[in-house]
Amino acid sequence: MDGTALLRELFTPDEFDAVRSHADHLGVTVIEYVRRSAAERALERLHLAEAIEAQALHLGKLSIPQVERARCRDGASSPALDRFLDALAHPSDGT
């Protein structure tokens, strides 16, 4: 047995044939091809997560332009709008 019994259970026959074809083309075993592919995908997800996190940190440091707050008909400002604009202008450090 070449150690591919589990892979044969995980993949459909067509999928396994495609994986085997890719592995043969690269000159590696099917197991090595799957291991490398899984590791590569994990690194891609890690780099993507790091990029998203870095972008979020960068975006959190953007200055929020001053917004003129509209008044309700009775002349009072909207408390919900005020809270929303305050949250944008002064985000909490915990998020």
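This text follows the structure it describes.
Nothing here was measured: the structure is a model prediction, and the numbers come from that model.

Engineer: Looking at this structure, I do not really get the overall build of the protein chain. What am I missing?
Structural biologist: When helices and strands are counted, the protein chain shows 4 helices and 0 strands. Within the protein chain, the fraction of its 95 residues that count as buried is 12%. Long-range contacts, defined here as pairs at least 24 residues apart, represent 22% of the contacts in the protein chain between residues at least 6 apart. When the accessible surface of the protein chain is summed, it comes to about 8,100 Å², and 59% of that surface belongs to carbon and sulfur atoms.

Engineer: Would you take a moment to explain the nonpolar core for this structure?
Structural biologist: Core analysis: the largest hydrophobic core is formed by 7 residues, namely Leu7, Phe16, Val19, Ala23, Val28, Val30 and Tyr33. Of all the elements, helix α2 (residues 13-26) adds the most residues to this core, at 3 residues. Here valine 28 is in contact with Ala23, Tyr33 and Arg36, once residues within four sequence places are set aside.

Engineer: How should the side chain of threonine 4 be read in this particular structure?
Structural biologist: Structurally, threonine 4 is set in the segment before α1 (5-10). Every residue in contact with threonine 4, bar those within four places of it in the chain, is listed here: Phe16, Val30 and Ile31.

The rules behind the values
- Residues numbered from 1 in each chain as written.
- Predicted model: local features only at pLDDT ≥ 70, side-chain atom pairs only at ≥ 80, totals over all residues.
- Heavy atoms only, no water.
- Helix = DSSP H or I, 4+ residues; strand = E, 2+ residues; numbered from the N terminus.
- Buried < 20%, exposed > 50% of the residue type's maximum accessible area, 1.4 Å probe, protein only.
- Contact = heavy atoms within 4.5 Å.
- Areas by Shrake-Rupley, 256 points an atom, 1.4 Å probe, with all protein chains shown as cover.
- Core = buried A, V, L, I, M, F, W, Y, C linked by side-chain atoms within 4.5 Å.

By themselves, these observations are geometric and do not establish any function.
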